[in-house]
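Secondary and tertiary structure notes
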Amino acid sequence: MAKNKFADRKVNPVVSQHYDTTPKYTQIVKIPVELLEDNPYQPRLNIDEDSLQELMNSIRKDGLQTPIKVTKLGGVSSPKYTVVFGHRRAEAHRRLELKEIDAFYEPDISKSELRRLALIENVQREDLSIIELAISFDNAINDGTFSSQKQLAEALGFTTTKVSECLSLLKLQEKITKDLEIDRRVKDVTALALLNKLQNKHTQWDLYKRFRDGELDRKGLMQIVNSENIKPIPQCELTLNKSKFQLMFKPSKELSKKGKYLEYERFAKEKLENLQKELQEKERELLK
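Here's a quick rundown of the structure. Fair warning: this is a prediction, and the values are worked out from it, not measured in the lab. (Residues numbered from 1 in each chain as written. Predicted model: local features only at pLDDT ≥ 70, side-chain atom pairs only at ≥ 80, totals over all residues. Heavy atoms only, no water.)

Helices and strands together make up the secondary structure of the chain, namely 12 helices and seven strands. In the chain, buried positions account for 41% of the 288 residues. For the chain, long-range pairs separated by at least 24 residues make up 69% of all intrachain contacts whose partners lie at least 6 apart in sequence. Accessible surface for the chain amounts to roughly 17800 Å². Of this, 49% is attributable to carbon and sulfur atoms. (Helix = DSSP H or I, 4+ residues; strand = E, 2+ residues; numbered from the N terminus. Buried < 20%, exposed > 50% of the residue type's maximum accessible area, 1.4 Å probe, protein only. Contact = heavy atoms within 4.5 Å. Areas by Shrake-Rupley, 256 points an atom, 1.4 Å probe, with all protein chains shown as cover.)

Burial analysis of strand β4 (residues 81-85) places four of its five residues in the buried class, which makes it a mostly covered element. Here strand β2 (residues 36-37) pairs with β4 via two bridges, running parallel. In the sheet register, Leu36 faces β4, and the bridge partner there is Tyr81. As defined by bridge partners, strand β3 (residues 68-71) adjoins β4 across three bridges and the pair is classed as antiparallel. Across the sheet, the residue bridging to Lys69 is Phe85, located in β4. (Pairing = 2+ DSSP bridges.)

Evaluated as defined, the whole model comprises three aromatic pairs. When the ring of Tyr81 is compared with that of Tyr105, the centres are 5.6 Å apart and the planes differ by 75 degrees; the resulting orientation is edge-to-face. With Tyr81 in strand β4 and Tyr105 in strand β5 (residues 100-105), the pair connects residues that are 24 residues apart, well separated along the chain. For Tyr81, a relative accessible area of 2% gives the class buried. Here Tyr105 falls in the buried class, since its relative accessible area comes to 0%. When the centroid spacing of 6.1 Å and the interplanar angle of 65 degrees are considered together, the rings of Phe137 and Phe158 count as edge-to-face. Placement of the pair is Phe137 in helix α4 (residues 130-142) and Phe158 in the loop between α5 (149-156) and α6 (160-168), with a sequence separation of 21 residues. Taking the relative accessible area as the measure of exposure, Phe137 reaches 0% and is therefore buried. Its end group placed over the ring of Phe158, Lys162 keeps NZ or CZ at 4.4 Å from the ring centre. (Phe/Tyr/Trp six-rings, centres within 6.5 Å; stacked < 30°, edge-to-face > 60°. Lys NZ or Arg CZ within 6 Å of the ring centre and 35° of its normal.)

Taken together, the buried positions of helix α7 (residues 174-182) are Ile176, Thr177, Asp179, Leu180 and Glu181. In the core, the buried residues of α7 are packed alongside α4, α8 (189-193) and α9 (201-212).

Membership of the largest hydrophobic core comes to 35 residues, with the highest contact counts inside it found for Leu119, Phe137, Leu180, Leu192, Leu195 and Leu221. When residues no more than four places from it in sequence are discounted, the contact partners of Leu221 are Ala191, Leu195, Leu207, Phe211 and Leu216. Listed in part, the 13 residues of the second largest apolar core include Ile31, Val70, Ile101 and Ala103. (Core = buried A, V, L, I, M, F, W, Y, C linked by side-chain atoms within 4.5 Å.)

It is worth spelling out the environment of Lys175 at this point. Summarising the element assignment, Lys175 is placed in helix α7. Each C-alpha atom of the pair Lys175 and Lys201 lies 9.5 Å from the other, and the pair is 26 residues apart in sequence.

What follows is the structure, encoded as structure tokens:
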């Protein structure tokens, strides 16, 4: 799993002498930039440098238009302020070497609520890449912020299917997930989730690149994945002394094109399993 770019940042613990009161309720206050610390549950893995530079130019020219939001994750006595919303704005202030930043301060935000708010805010602003979204979903469920995929989906206004497909991206080979962290062009979670059907990593990477680069659309990707994923139906083989009985049937490729192959495969597997049970029962009967 990728590490937060700013996870190891060191902040200066010195408090500005003129800022010696701690607000007791939500309000806009000026926070010393040196006292800001990043949200440990921030789902964003990377900050786009070009976008950040534009933000810095805007702040330098016109000032901060929208305050960030902070809390005290370490308790009201802690000198540090944890950023709830506005990591890019906070980072822009750091790089501009500004002393203070306008912020909404809310003292009573729990760790689970901090993760939930950070996730929802980024999703609503569409700030996250799909792999960042997948990692944040996985973390939010594993640490108990949400008890299930369904609860997470309801909180974000997503379908359970989308959450499930998004989480499935973490099963793709690392080469693909690393590329998704950097290249934000691909937004189609449903299409990428199809790649999990492929066992061959070389084929998986090749189709990912073709889809990423616009050579394939979702329909084309689906057709290739389904055709690549066709496996021969298991043979039923029975050896009786020197005699051998074989049942083999090669399914039509039209089944894949019509999206019916998996249904056919389930049917064949069930029939073969039933035949195996019947043979075992007959064997027991004859042994009595």
